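These are the residues of each chain, in order.
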Amino acid sequence: MTDAIIPAGTSQPARPRRDIGLKRRYAAEQRFKIYGIVAIAIGLFFLAALLWSVFSNGYTAFWQTSINLPVNFDESVIDPDNERGTNPNILFTANYPKLARDALAQKLGIDPEDRAQMRDVGKMISDGVRGQLRNVVMANPSVVGTTQNVWVLASADIDSAQKGQINLEIGEDRRRVSDQQVAWMRQLEESGDLEQRFNSGLFTFGASSRPETAGVGVALVGSFYMMLIVLVLSLPIGVAASIYLEEFAAKNRWTDLIEVNINNLAAVPSIVFGLLGLAVFINFMELPRSASIVGGLVLTLMTLPTIIIATRSALRAVPPSIRSAALGIGASKMQMVFHHVLPLAAPGILTGTIIGLAQALGETAPLLLIGMVAFVANYPATPMDPATALPVQIYMWAGEAERAFVERTSGAIIILLGFLAIMNITAIILRRRVERRW
Amino acid sequence: MKTLLLTASAAAIAVAMSAGIAAARDQIQIAGSSTVLPYAKIVAENFGETYPDFKTPVVESGGSSAGLKEFCKGVGEDTIDIANASRKIKESELKACADNGVTEVQEVQFGYDGIVFATDAAGPDWELTPVDVYKALAAKVVVDGKLVDNPYKKWNEVNSALPDWDIVAYIPGEKHGTREVFEEKLLIAGCEEAGGPEAAAEAGLDEDAAASACKAVRKDGGAVDIDGDYTETLARIDSNKTGVGVFGLSFYENNADKLKVATVSGVTPSVETISSGEYPVSRPLQFYVKKAHIGVIPGLKEYVTFFLDDQMVGPDGPLAEYGLVPAPDEERDAQREAFEAGETM
């Protein structure tokens, strides 16, 4: 504004008013736009860097090397004494890895009596083959005694070597695959019996110490249960609390105090809720450890303030004229709220809820204390059974020593990002489509 | 909206109700050391696959201390059955256990873990001794018989056989069980060899103060505490090619193409040299079993027996394959017998 002041004593005539500082103000506006663009560019750069590092590391996790084997379900190996009619457990505990080993040895033309070579052959196939072949037999016991083509999972080391994640240039003794195994791998690849197939196991398997049979299945179910509990508990409680505070409660010191506390709770670090959950739900109420019900309750506590704040602002955004009109034609206060205000505020409430859920979905810290950062291989049948959550699975895999877990960590991050993106896009679409503005 | 609210509240009540009826636990619950975690996972997984009648145990991570704390909370279905630990249980912890009614604790030592130094795979060969480690990483070192602040900036100042690299070592943080072994087997051993206790006595320190002076790590950036796991140490070495990292043997063996391991006192760490006791830096791994839960939690006894079976913990088993140093034959037999006999601490 200094340029508007004309120094005293100059004989210059005053410039026309509309020219004053115009150039400078335009320049300032231009500069501000540039700052804004730079700020966004920095943000986008980091986002791109994050996505690049996750996707470049993780896309390979969606493929898994498998070997096509003509497995002879030899009765003399599976059930030598022919007692499966009386003792079905025999099919459960049979030596399935031997079947796969023998099939691969036969394919590669190796003498099954050569123990050293058979050891190397055995290490090319995942130990998960036991469960895989067992499932084939359990599903259809009549395959015993026949030969079936089965795509069995290759071991994690072969998988990593095939994907080029193990440096094959360095000495044989410093890597986990031998030259012989690499040669066999190439041989199988040429005959078309070894290829990368879509890794559906990544979505269906539970936790495993072997990378090739590790998946986020249990974590997905655990996260689903928790989200369900959060939704079912925090939506009605949060909406009821907000309606009361916004529409019915008198504005006095008490409601002010409650409001300050709710806003405070929204900013409390999530680990605090974990401590609370441990003390109240596990130690006092004696709910089981590691169960998704406890996780869901803890995340409910964490999400409630977010939902209450979003709901209150959605209720406030409904113009007072609508309330007055409803009351004016004789509606009770409750009818006014439930027939007019709440339906109009619903899109805002749902958006807030979805954002709260997305936040809860990505939370690990509170789950640590209630025992959900755990190795869980069995699917939980109910929310009372032990389970993990998606972000927990990522955290657990990030600490693993095996090379093949590196890509799986990023693969799991991609899955989590996918779910978050779906939730947030739904929130945006809801807002665009249904929200009414006045 | 009304129906939505009604269903929601009905479902909420249903969830709250189901919480009231806690079903009997049919799954073993384990918590504790992150060093023992990979081994416990392998056993748990194989256990679930071998015994059709039992579910796969749940193994929590979180550290030895946190695991033992949960373990000592009491007896009953809502407490864990086994605590994994990369160190021995302390007297104070046993007392806390007893105060809460956990009077019978069975200790099972199932093998050893080696602690190794490793550098980037492209670097030169390293031959370390405890004295080198002490001189390079301690806060105060002995120079001319006196304790002074650590003056060394490069490894070759410590020992001319070492490369001309700035001293930057990534060592386990204080909450790790590995740290204790690192202090005891390297810093204190090196300190004694370098004449630290005498120099400390000369400076007028009593024995306790001398010991803590020996194991105090320099804080000027030469030694970096890593509170995360070994993947973090590996990432640090990836970005700083002249850094030296401390790893568990199993982690090194899984990443031997990226790392070069240093010899300590002339011995290359391996399963053989550690089980024979030649390689100096190792520690026992163990877990603690709540005896009161045996026979109550289905599969608990079978799990421990399966863990101690040679097909798991033996020299050709999957644990040794992953990097566990198996205990000698007699020791494994003794552990099995002690568990069968139900010996408690």
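Residues numbered from 1 in each chain as written. Chains lettered and ligands numbered in written order. Predicted model: local features only at pLDDT ≥ 70, side-chain atom pairs only at ≥ 80, totals over all residues. Heavy atoms only, no water.

Quick notes on the interface of chain A and chain B
Alright, step 1. With 46 residues of chain A at the contact, the number on the chain B side is 46 residues.
Alright, step 2. The junction of chain A with chain B conceals about 4,100 Å² of combined surface from both sides, 53% of it contributed by carbon and sulfur atoms.
Alright, step 3. It is Arg174, Arg289 and Phe375 of chain A that lose the most area in chain A upon contact with chain B, and together they represent 17% of the buried surface on that side.
Alright, step 4. There are seven salt bridges connecting chain A and chain B.
Alright, step 5. Across the chain A-chain B interface, the total number found is 18 residue pairs in polar contact (both at pLDDT 80 or more).
Alright, step 6. Of all the secondary structure elements, the ones that give two or more residues to the side of chain A that touches chain B are helix H3 (89-93), helix H6 (129-139), helix H10 (217-248), helix H12 (270-284), helix H15 (333-361), strand S4 (374-375) and helix H17 (390-398) of chain A.
Alright, step 7. Of the residues in the side of chain A that touches chain B, the class split is 23 nonpolar, 11 polar and 12 charged.
Alright, step 8. Pairing of S4 of chain A with strand S2 (residues 58-60) of chain B involves two bridges; the strand directions are antiparallel. Among the inter-strand pairings, Ala374 of chain A is bridged to a residue of S2 of chain B, identified as Glu60 of chain B. (Contact = heavy atoms within 4.5 Å. Buried area = accessible area lost by both parts, 1.4 Å probe. Salt bridge = Lys/Arg side-chain N within 4 Å of Asp/Glu carboxyl O. Polar contact = N/O pair within 3.5 Å; in protein donor to acceptor, adjacent residues only side chain to side chain. Helix = DSSP H or I, 4+ residues; strand = E, 2+ residues; numbered from the N terminus. Nonpolar A, V, L, I, M, F, W, Y, C, P; charged D, E, K, R; others polar. Pairing = 2+ DSSP bridges.)

Considerations on the pairing of strand S1 (residues 29-32) of chain B
Residue and element names in this part refer to chain B.
Alright, step 1. A two-sided burial pattern is seen for S1, the buried positions comprising Gln29 and Ala31 on one face and Ile30 and Gly32 on the other.
Alright, step 2. Sheet topology places S1 next to S2; two bridges connect them, and they run parallel. Bridge pairing links Ile30 to Val59 in S2.
Alright, step 3. Assessed by its sense of winding, the connection that carries the chain from S1 through helix H2 (residues 37-50) to S2 is right-handed.
Alright, step 4. Bridging between S1 and strand S3 (residues 82-85) involves three bridges; their strand directions are parallel. Across the sheet, the residue bridging to Ile30 is Ile82, located in S3. (Buried < 20%, exposed > 50% of the residue type's maximum accessible area, 1.4 Å probe, protein only. Right-handed = clockwise from strand over helix to strand, strands pointing away.)

Details of the domain arrangement of chain A
All names here are of chain A.
Alright, step 1. Domain parsing of chain A yields domain 1 (62-199) and domain 2 (217-434).
Alright, step 2. Listed by partner, the interface residues are eight residues for domain 1 and seven residues for domain 2.
Alright, step 3. With both chains or domains summed, domain 1 and domain 2 bury close to 560 Å², and 49% of this area falls on carbon and sulfur atoms.
Alright, step 4. Together, Phe62, Ser160 and Gln165 form the three largest contributors to the area buried by domain 1 at its contact with domain 2, with a combined 61%.
Alright, step 5. Where domain 1 meets domain 2, there are two salt bridges.
Alright, step 6. As a salt-bridge pair, Asp159 and Arg408 come within 3.9 Å of each other at their nearest N and O atoms.
Alright, step 7. Linking domain 1 to domain 2 there are four residue pairs in polar contact (both at pLDDT 80 or more).
Alright, step 8. Counting residues per element, the side of domain 1 that touches domain 2 draws most heavily on helix H7 (residues 156-162), at three residues. (Domains from an automatic or database assignment.)

So, the pattern of salt bridges
Residues and elements named next belong to chain B.
Alright, step 1. Under the counting rule described, the total for this entry stands at 45 salt bridges over all chains.
Alright, step 2. Between Asp26 and Lys55 there is a salt bridge; the shortest N-O distance is 3.7 Å. Of this pair, Asp26 sits in the loop between helix H1 (2-20) and S1 while Lys55 sits in the loop between H2 and S2; the two residues are 29 residues apart in sequence, bridging distant segments of the chain.
Alright, step 3. Because the salt bridges share partners, they merge into one network encompassing Asp310, Asp329, Arg332, Asp333 and Arg336.

Description of the state of the cysteines
Residues and elements named next belong to chain B.
Alright, step 1. Under the criterion given, the structure shown has two disulfides over all chains.
Alright, step 2. With a sulfur-sulfur separation of 2.0 Å, Cys72 is cross-linked through a disulfide to Cys97. On the sign convention where negative means left-handed, the S-S torsion of about -75° between Cys72 and Cys97 marks this disulfide as left-handed. Placement of the pair is Cys72 in the loop between helix H3 (64-71) and S3 and Cys97 in helix H4 (residues 91-99), with a sequence separation of 25 residues.
Alright, step 3. Residue Cys97 is classed as buried on the basis of its relative accessible area of 0%. (Disulfide = S-S within 2.5 Å.)

Points about the layout of surface pockets
Alright, step 1. One number sums up the size of the second largest pocket: a volume of about 1,200 Å³.
Alright, step 2. Taken together, 50 residues make up the lining of the second largest pocket; nearest its centre are Ser33, Ser34, Ser61, Gly62 and Gly63 of chain B.
Alright, step 3. For the lining of the second largest pocket, the elements supplying multiple residues, two or more each, are helix H16 (365-369) and H17 of chain A together with S1, H2, H3, helix H7 (177-193) and helix H11 (249-254) of chain B.
Alright, step 4. Here the lining of the second largest pocket gets six residues from one element, more than from any other, and that element is H3 of chain B.
Alright, step 5. For the lining of the second largest pocket, the residue count by class is 15 nonpolar, 18 polar and 17 charged. (1 Å grid on protein atoms, 1.4 Å probe; cavity = no way out; pocket = protein on both sides within 12 Å on 5 of 7 lines; lining within 4 Å. Points joined across faces, edges and corners; volume = space filled by probe spheres on them.)

With respect to unusual backbone geometry
All names here are of chain A.
Alright, step 1. The phi angle at Glu286 is positive, at roughly 60°, despite the residue not being glycine.
Alright, step 2. Considering the arrangement of structural elements, one finds Glu286 in the loop between H12 and helix H13 (292-316).
Alright, step 3. In this structure, Ser290 takes a positive phi of about 60° despite not being glycine.

Overview of the pairing of strand S10 (residues 244-248) of chain B
All names here are of chain B.
Alright, step 1. With five of five residues buried, S10 is to be regarded as a mostly interior element.
Alright, step 2. Along S10, one buried face is formed by Val244, Val246 and Gly248 and the opposite face, lined by Gly245 and Phe247, is buried too.
Alright, step 3. The pairing of strand S4 (residues 105-120) with S10 spans four bridges and is antiparallel. In the sheet register, Ala118 faces S10, and the bridge partner there is Gly245.
Alright, step 4. In terms of strand pairing, strand S8 (residues 169-172) meets S10 through two bridges, oriented parallel. Paired with Tyr170 across the two strands is Gly245, which belongs to S10.

Side note on the packing of aromatic side chains
Alright, step 1. Under the defined criterion, the tally for this structure stands at 24 aromatic pairs over all chains.
Alright, step 2. Relative to Tyr303 of chain B, the ring of Phe47 of chain B lies with its centre 5.6 Å away and its plane at 90°, an arrangement referred to as edge-to-face. In this pair, Phe47 of chain B is assigned in helix H2 and Tyr303 of chain B in helix H13 (residues 300-308), connecting sequence segments 256 residues apart. Like Tyr303 of chain B, Phe47 of chain B is buried.
Alright, step 3. Grouped by ring-pair contacts, the aromatic residues Tyr39, Phe47, Tyr51, Phe54, Phe110, Phe287, Tyr303, Phe306, Phe307 and Tyr322 of chain B constitute a single cluster.
Alright, step 4. The ring of Phe92 of chain A carries the charged tip of Arg134 of chain A above its face, separated from the ring centre by 3.9 Å.
Alright, step 5. The aromatic ring of Phe71 of chain B is capped on one face by Lys290 of chain B, whose charged end is 5.0 Å from the ring centroid. (Phe/Tyr/Trp six-rings, centres within 6.5 Å; stacked < 30°, edge-to-face > 60°. Lys NZ or Arg CZ within 6 Å of the ring centre and 35° of its normal.)

Here we look at the confidence of the model for chain B
Residues and elements named next belong to chain B.
Alright, step 1. Across chain B, the average pLDDT comes to 85, with 93% of residues at 70 or higher.
Alright, step 2. Note on residues 17-22: pLDDT is under 50 here. Beyond four places in sequence and across chains, it has six contacts.
Alright, step 3. Scored as a complex, the prediction yields pTM 0.84 and ipTM 0.81. (pLDDT = per-residue confidence, 0-100.)

Observations concerning H6 of chain A
Alright, step 1. Those residues of H6 of chain A that sit buried are Val129, Gly131, Leu133, Arg134 and Val137 of chain A.
Alright, step 2. Looking at the packing, one finds that the buried side of H6 of chain A touches strand S1 (63-72), helix H2 (75-78), H3, helix H4 (96-108) and strand S2 (147-153) of chain A together with H2 of chain B.

Description of the domain arrangement of chain B
Residues and elements named next belong to chain B.
Alright, step 1. You can read the domains of chain B as domain 1 (24-112 + 284-341) and domain 2 (114-282).
Alright, step 2. The C-alpha centroid of domain 2 is placed 30 Å from the C-alpha centroid of domain 1.
Alright, step 3. Across the contact, nine residues belong to domain 1 and 10 residues belong to domain 2.
Alright, step 4. Each partner contributes to the roughly 830 Å² buried at the junction of domain 1 and domain 2, and carbon and sulfur atoms together form 57% of this total.
Alright, step 5. Applying the counting criterion to the domain 1 and domain 2 interface returns one residue pair in polar contact (both at pLDDT 80 or more).
Alright, step 6. Across the side of domain 1 that touches domain 2, the residue classes break down as six nonpolar, two polar and one charged.

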